[in-house]
Amino acid sequence: MNDVTPTLVQDGELWTTLIVREKKVHQYKVSSFGRLINVKSGKELGGKVKHVTRSYNGNAWSICVPKNFYEDYEYRSVKSTSKVCSLEVAKSRAVYLSFYPLDEYPPARLRDDWLDMPESAKQWVRETVVIDHIDDDPTNNRLDNLRAVTIRENANHIKLKQIKENCNLLLPPQRICY
C-alpha cells in the first residue's frame, strides 16, 4: 500500500512522495499539478521543460538518489567522490505512478487477475506500461491529464490523431473524416 496519503495543499493541488521504479524516493514530493519539490531544500525542480535526453523529449526531471539505491541500474555519478547519483525520470510517469502505483491500481483489463499473476508478468507490465497525455500535450503533466495505456493503445491514439489531422488538411471543410 502507498503509505503516504496525498495531502491537500491549496487550490486542489495534492502532494505525495515520489515513486520511481516502484521505490519511494523520500527526498522528493510530486504534485497532482505535475510539479516536483526537493523536501530538504523546499525548491521546485524543473519548473520549465528542458532537454535532458531525447528519450523523454526533454520532459524529465534529473533527481539525485543515493548510490546503489536501485541494485539493477547503471548510475551517472554527480561527482566521482559523491555519495549520490543523478537519475533521469520522465515527468508524466513519475506523476502518474506516484499517485497510482500499478500494484495498487493495476490496469483495468488485468484488475481481476493481478493478485494471481506471477511476479515476472507483473514486472513486465510495470516496465512496459505507457503513460499517455490525454490532451496530446507532453508538457501537461497534471494528474488529470494522464492515463496508463498499453503500447498498442498509445500507438492507436497517435495514429487516430494523425488521421484526423491529415483529413483536415486534405478534405474540404464540410466533409467529416473519422
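You'll find the structure just up there.
Residues numbered from 1 in each chain as written. Predicted model: local features only at pLDDT ≥ 70, side-chain atom pairs only at ≥ 80, totals over all residues. Heavy atoms only, no water.

Draft legend 1. View of the overall build of the protein chain. Per the secondary structure count, the protein chain includes 3 helices and 10 strands. Helices (α) and strands (β) of the protein chain occur, in sequence order from the N terminus, as β-β-β-β-β-β-β-β-α-α-β-β-α. By the burial criterion, 36% of the 178 residues in the protein chain qualify as buried. (Helix = DSSP H or I, 4+ residues; strand = E, 2+ residues; numbered from the N terminus. Buried < 20%, exposed > 50% of the residue type's maximum accessible area, 1.4 Å probe, protein only.)

Draft legend 2. Region of interest: the nonpolar core. Grouped together as the largest cluster of nonpolar side chains are 27 residues, with contacts concentrated most on Leu18, Val20, Val25, Leu36, Trp61 and Ile63. Listing elements by their share of this core, those giving two or more residues are strand 2 (13-20), strand 3 (23-31), strand 6 (60-66), strand 8 (84-90) and helix 1 (91-99). Counting residues per element, this core draws most heavily on helix 1, at 5 residues. Discounting residues that sit within four places of it in the chain, Trp61 has contacts with Val30, Gly34, Arg35, Leu36, Leu45, Gly46, Leu87, Glu88, Val89, Lys91, Ala94 and Val95. (Core = buried A, V, L, I, M, F, W, Y, C linked by side-chain atoms within 4.5 Å. Contact = heavy atoms within 4.5 Å.)

Draft legend 3. Layout of helix 1. Taking burial as the measure, the 9 residues of helix 1 include 8 buried ones, the bulk of the element. Considered for burial, the residues of helix 1 that qualify are Lys91, Ser92, Ala94, Val95, Tyr96, Leu97, Ser98 and Phe99.

Draft legend 4. The pairing of strand 9 (residues 130-133), seen in detail. Alternating residues of strand 9 divide into Val130 and Asp132 and Ile131 and His133, and every residue in both groups is buried. Here strand 9 runs beside strand 10 (residues 146-149); their pairing, made up of 4 bridges, is antiparallel. Each residue of the ladder has a partner; that of Ile131, found in strand 10, is Ala148. (Pairing = 2+ DSSP bridges.)

Draft legend 5. Just unusual backbone geometry, in detail. Of note, Glu22 is a non-glycine position whose phi angle comes to about 60°, a positive value. With respect to the element layout, Glu22 can be found in the loop between strand 2 and strand 3. Backbone geometry places Asp136, a non-glycine residue, at a positive phi of 65°. Mapped onto the secondary structure, Asp136 falls in the loop between strand 9 and strand 10. Judged by relative accessible area, which is 31%, Asp136 ranks as partly exposed.

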